[in-house]
Amino acid sequence: MRIDLAALLAILGMGAVTYLTRVSGFWLLGRVTPTKRVEAWMQAIPGAVLISLIAPALLASGMVGFIAAATTVLIAARTHKLLPALLAGVVIVAAARLLFHAD
Amino acid sequence: MDHEITFTRHGVWAGVRACLPIALGAGVYGFVFGILARQAGLSLAEALLMSAIVFAGSSQLVALSLWITPLPVGALILTTLIVNLRHLLMGASLRPWLARLPRGRIYASLFFMTDESWALTLGSLAAGAGDGAFLLGSGLTLYVFWGATTALGELASGLVSNPAQWGLDFAFTAVFLVLLVGLWRGKSDLLPWAVAAVVAIAAKHWLSGNWYILLGGLTGSLVGAFRHAD
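Notes on the structure in this doc start here. The structure displayed is predicted, hence computed values, not measured ones.

Right, let's get into the overall build of chain B. When helices and strands are tallied, chain B shows 11 helices and zero strands. Order of helices (α) and strands (β) in chain B, N terminus to C terminus: α-α-α-α-α-α-α-α-α-α-α. Taken over C-alpha atoms, the radius of gyration comes to 19 Å for chain B, in line with the 17 Å a tight globule of 230 residues would show. Across its three principal axes, chain B shows a C-alpha extent of roughly 55 × 50 × 30 Å. Residues classed as buried in chain B amount to 51% of the 230 residues present.

To continue, consider the interface of chain A and chain B. Accessible area lost upon the coming together of the parts serves often as the stated size of an interface. Between chain A and chain B, the residue contacts involve 64 residues of the former and 78 residues of the latter. Counting residues per element, the ones that place at least two in the side of chain A that touches chain B are α1 (5-29), α2 (36-60), α3 (62-79) and α4 (82-100) of chain A. If you tally residues by element for the side of chain A that touches chain B, the top one is α2(A), at 23 residues. Here the residues of the side of chain A that touches chain B are counted per class, giving 45 nonpolar, 12 polar and seven charged.

This paragraph deals with unusual backbone geometry. Here the bond from Thr69(B) into Pro70(B) is cis, since omega is -5°, no more than 30 degrees from zero. Although it is not a glycine, His80(A) sits at a positive phi angle of roughly 55°. Residue Phe55(B) is not a glycine yet carries a positive backbone phi of 50°. By the element assignment, Phe55(B) lies in the loop between α2 (44-53) and α3 (57-65). Its 22 C-beta neighbours within 10 Å are what place Phe55(B) among the buried residues.

This part is about the nonpolar core. Ranked by size, the top nonpolar core spans 101 residues in total, and within it Val32(B), Ala171(B) and Val175(B) carry the most contacts. Leaving out residues up to four positions away in the same chain, Ala171(B) has contacts with Leu86(A), Val90(A), Val32(B), Ile35(B) and Leu36(B).

Our next topic: the environment of Ile67(A). With respect to the helices, strands and loops of the structure, Ile67(A) is situated in helix α3. Separated by 26 residues in the primary sequence, Ile67(A) and Val93(A) have C-alpha atoms spaced 8.8 Å apart.

This brings us to the environment of Gly216(B). For Gly216(B), the position within the fold is in helix α11 (residues 211-229). Residue classification places Gly216(B) among the buried residues on the basis of 29 C-beta atoms within 10 Å. With 14 residues separating them along the chain, Gly216(B) and Ala202(B) place their C-alpha atoms 9.2 Å apart. Excluding anything up to four places from it in sequence, Gly216(B) contacts Ala48(A), Ile51(A), Ser52(A), Ala196(B), Ala197(B), Val199(B), Ala200(B) and Ala203(B).

What counts and how
Residues numbered from 1 in each chain as written. Chains lettered and ligands numbered in written order. Predicted model: local features only at pLDDT ≥ 70, side-chain atom pairs only at ≥ 80, totals over all residues. Helix = DSSP H or I, 4+ residues; strand = E, 2+ residues; numbered from the N terminus. Rg over C-alpha atoms; globule rule 2.2 N^0.38 Å. Buried ≥ 20, exposed ≤ 12 C-beta atoms within 10 Å, placed from the backbone. Contact = placed C-beta atoms within 7 Å. Nonpolar A, V, L, I, M, F, W, Y, C, P; charged D, E, K, R; others polar. Core = buried A, V, L, I, M, F, W, Y, C linked by C-beta atoms within 7 Å.

Here it is, written out as structure tokens:
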């Protein structure tokens, strides 16, 4: 059971700002009303952050990564379930590495 | 505009019951988070601590992809804040019902507010159930599942010696892709997401560090703000 000091600081900081986001919406609404535009901005953040995370990695991952990603998206869109979509992508990548030593 | 509201044990149990099926699904994410946390180099204690203190799935998964040595503590906290800003809207939407409850109960219950427990609670309150403890009950249910499955995933991941051989490094990308499919609201998301992708790829190419995540996320979401507000 090891906890690194930097990790502890990061986790405490992440927890503090997350709690702040959980309570301050409730608290703020007693004082100000957000505009439609601010609401739309906040709602759009998670999707844009997730895209930014994976786009460079996908671009660098080559044909196998692209096929695995497309399969994952298709299955997720059909089933709305994490596990089958994730397993399909992982199996494709693992199989390609095993068969072709490809990346 | 404030509604009549109570805060009872009955409300807690109503929240627990309503949330159990959803908690099973969230548990799958917790399990995957545990596996990926181990791969990213977090110890069991660190992963559990993160799930117990942060308790916000997508921001925790995003944090794992930033988890390098030396740890970029500032970037981790800033990115977590940005990803979780949407909580502001969720908390604000509950105010008409919760406003009359004692402050301590509100601020304790809000610690457990997630996308799922918020949606269930809003549904329950809007249907006239009138018990604010529903938020606490549904949130606590997710909290227990999230922590337990984080630990299970960490322990299971320890059994695999070479994750890349099994394609497990792709699991990161896969989880984010599945989350994105869930966030997709239609064609109006296409332009913001394309902008985010292009900016992120360019920033990753020309800038060092993890700025590409925030730059892509901010530009993409600003485009989204103008697309959706009109």
